[in-house]
Every structure is written in C-alpha cells, then in structure tokens.
Amino acid sequence: MIKKLQNIYFYSFLNFIDKILIFILPLIVLKLYDNKDLYNSIEYIYSIAVVIVIFFDFGLKNYTFYFLKKSSNINNDIKKIEDTFYFFLLFFLLFLILFFIFYEKFYNEILILIFIRVIYLTIINFYKIYYRAKDIPSRIFIFSIPVSILTILLMIWNLFYYNGNSLIFFFIIQIFLILLYFFFQIKIINKFRSNIKSYLIILKNSISFSYPLMLSILFYNFMMNYGKIYSFNF
C-alpha cells in the first residue's frame, strides 16, 4: 500500500513538472528571443496540433482499457494494441510523406511542423495509456520531460552560438524522438503481413467505440485554443 501511494505521489509530481514545462516553454522562448512572431507561430502550431491530434490514432488510446477489460492474456493483448498503434502510425506517416511529395503546393513550414507536433503528441498520448496499462505510468515522463528541457537548452544554444531558424530548432528534439521511436520499432514490420487483418479489426472497433468521445474532446480543445489560433491569423 505504501509503495502504491509513493508511486501516486511520484507520478503526480512528474505530471505537474511535465505540464508546467509544456506551458512555460513557449513563454521562455518569447523571453529569450523577444520575438512575438516566433511565439505566435509556436502557440499556433501547438493549438492546431492539440485540436486535430484527437483523430490521429483512430481513438486507440481511448479504446485500450476497454479492449484489455475483456482480455484473457493481458500482456499479449497490450502488445497487440501497441503493434496496432505502430502499424497505423507508420502508414499514416508514409501517407503524409507521399502527400507532400506529390502536392508540393501544400509544402509549408508551419503545416509540416503541425504534423510533426501531431505525430509527437500521438506517440506521447498513446504511451501514457500504454504505460498505465502496464502499471508503470511514470515511465512516460522519461520521454516527455527531457524533450522540454533539451528544447530549452537547444534554443539557448541557438540564440547565443548559431542563430539558425528558431522555429525549426524549437521542434528538433521532437523530430529526433519521432525518428528514434520508428528506429526502435522497425523490427516489428515483419509481423505486419500475418497480422494486418487483426490490426484493421482493432482499428475499426476503436473508431466505433471512441468517436463520440473524440468529437466531444475536439469541440472542447477547439474552444480552449481558439484565442491562440485567432491571434496568429489576425
């Protein structure tokens, strides 16, 4: 019991640190660079990403605990959910790459960074649920908190020593984490051929189960972020 309480306090503390870093990160950059356009661009990318990210896992994170509730082999089913997530995310990424290759007129720095942020959030949000299901919820902060800290350090380094594209620099650590994730997960591609049907069934059930919640969160997130989106455009 004491260990469980300690885990709750530890998770709550790390969750608080994570949320604070996410909130103050754009403000720190504004203070460092004194560049309102840069700050507005970051907040715009954050706001659009948090609105549309809801649909970019087909509701899989919302469906996970319901799926596991009926499980007869919890570890195998957790792995099946993770493999399904990777299968979906990989093909979504390939679709985005092909889209920007064949429709160059849509190639835009802000748009590219929005999708980078969406992919990053999709990974982080899914693994928050994944690690809860494995009863190690604090492990997600191994990835999210260092991203914020390293971003601050990189932006300071860029300001004083490099002076490159500040907006790109702000998202470099997130890009690196995405690439690292795909690098370490690439080994499961060999399983796709034999399991595609089961992945598609899980995704179908996931969207059917989650779409009312996804729509509700969409409207809520849009209202919460409307001011930032409006300020960027006007």
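Look above for the structure.
Describing the pattern of salt bridges
Under the defined criterion, the tally for this structure stands at three salt bridges. With its nearest N and O atoms 3.9 Å apart, the salt bridge here joins Asp77 to Lys80. Within this pair, Asp77 and its partner Lys80 are both found in helix 4 (residues 74-102), separated by three residues, close to a single helical turn. Across the pair Asp83 and Lys79 runs a salt bridge, and its minimum N-O distance is 3.5 Å.

Focus: the side chain of Glu82
Residue placement: Glu82 occurs in helix 4. Looking at Glu82, the relative accessible area reads 7%, which means it is buried. Leaving out residues up to four positions away in the same chain, Glu82 has contacts with Phe126, Tyr127, Tyr130 and Gln185.

What to know about the side chain of Gln185
One can find Gln185 in helix 7 (residues 166-185). What makes Gln185 buried here is its relative accessible area of 9%. Not counting residues within four places of it along the chain, the set of residues in contact with Gln185 comprises Glu82, Tyr86 and Tyr127.

Quick look at the packing of aromatic side chains
As enumerated under the stated definition, the model contains 30 aromatic pairs in all. Ring geometry for Phe58 against Phe88: centres 4.8 Å apart, planes inclined by 50 degrees, an arrangement best described as tilted. A residue pair is termed long-range when its members are at least 10 positions apart, and Phe58 in the loop between helix 2 (36-52) and helix 3 (60-69) and Phe88 in helix 4 qualify at 30 residues. Its relative accessible area of 12% is what places Phe88 among the buried residues. Between Phe87 and Tyr199 the ring centres are 5.2 Å apart and the planes differ by 40 degrees, which places this aromatic pair in the tilted class. One end of the pair, Phe87, is in helix 4; the other, Tyr199, is in helix 8 (residues 192-233), and 112 residues separate them in sequence. Here Phe87 matches Tyr199 in class, with each residue buried. Linked through ring pairs, Phe85, Tyr86, Phe126, Tyr127, Tyr130, Tyr131, Phe143, Tyr181 and Phe182 together constitute an aromatic cluster.

Re the packing of helix 3 against helix 5 (residues 109-133)
Direction vectors running N to C along helix 3 and helix 5 enclose 15 degrees, while the axes themselves pass 9 Å from each other. One finds that helix 3 runs roughly parallel with respect to helix 5. The chirality of how helix 3 crosses helix 5 is right-handed. Judged by residue contacts, Leu60, Lys61, Thr64, Phe65 and Leu68 of helix 3 engage Asn125, Phe126, Ile129, Arg132 and Ala133 from helix 5. Each residue belonging to the contact of helix 3 with helix 5 can be placed in one class, and the counts come to six nonpolar, two polar and two charged.

A short note on the environment of Trp157
Relative to the assigned elements, Trp157 resides in helix 6 (residues 141-162). Sequence separation between Trp157 and Phe169 is twelve residues; the distance between their C-alpha atoms is 10.0 Å. Leave out the neighbours within four places in its chain, and Trp157 touches Tyr162 and Phe169.

Considering helix 2
Side chains of residues three or four places apart in an α-helix project in the same direction, reflecting 3.6 residues per turn. Here helix 2 contains 17 residues, and its C-alpha end-to-end distance of 24 Å stays within 8% of the 24 Å for a straight helix at 1.5 Å per residue. The buried fraction of helix 2 is high, at twelve of 17 residues. Inspection of helix 2 places Leu38, Tyr39, Ser41, Ile42, Glu43, Tyr44, Ile45, Tyr46, Ser47, Ile48, Ala49 and Val51 among the buried residues, and these make up the whole buried set.

Some thoughts on unusual backbone geometry
Positive phi outside glycine occurs at Asp34, with the angle close to 50 degrees. Along the chain, Asp34 falls in the loop between helix 1 (2-33) and helix 2. The residue Asn163 is not glycine, and still its phi comes out positive at about 60 degrees. Locating Asn163 in the fold gives a position in the loop between helix 6 and helix 7. Given the relative accessible area of 63%, Asn163 is considered exposed.

Criteria and cut-off values
- Residues numbered from 1 in each chain as written.
- Predicted model: local features only at pLDDT ≥ 70, side-chain atom pairs only at ≥ 80, totals over all residues.
- Heavy atoms only, no water.
- Salt bridge = Lys/Arg side-chain N within 4 Å of Asp/Glu carboxyl O.
- Helix = DSSP H or I, 4+ residues; strand = E, 2+ residues; numbered from the N terminus.
- Buried < 20%, exposed > 50% of the residue type's maximum accessible area, 1.4 Å probe, protein only.
- Contact = heavy atoms within 4.5 Å.
- Phe/Tyr/Trp six-rings, centres within 6.5 Å; stacked < 30°, edge-to-face > 60°.
- Axes fitted to C-alpha atoms, helices over the stretch in contact; angles between N-to-C directions.
- Parallel < 35°, antiparallel > 145°, perpendicular 65-115°, else oblique.
- Left-handed = near helix turned anticlockwise from the far one by under 90°.
- Nonpolar A, V, L, I, M, F, W, Y, C, P; charged D, E, K, R; others polar.
- Expected span 1.5 Å × (residues − 1).

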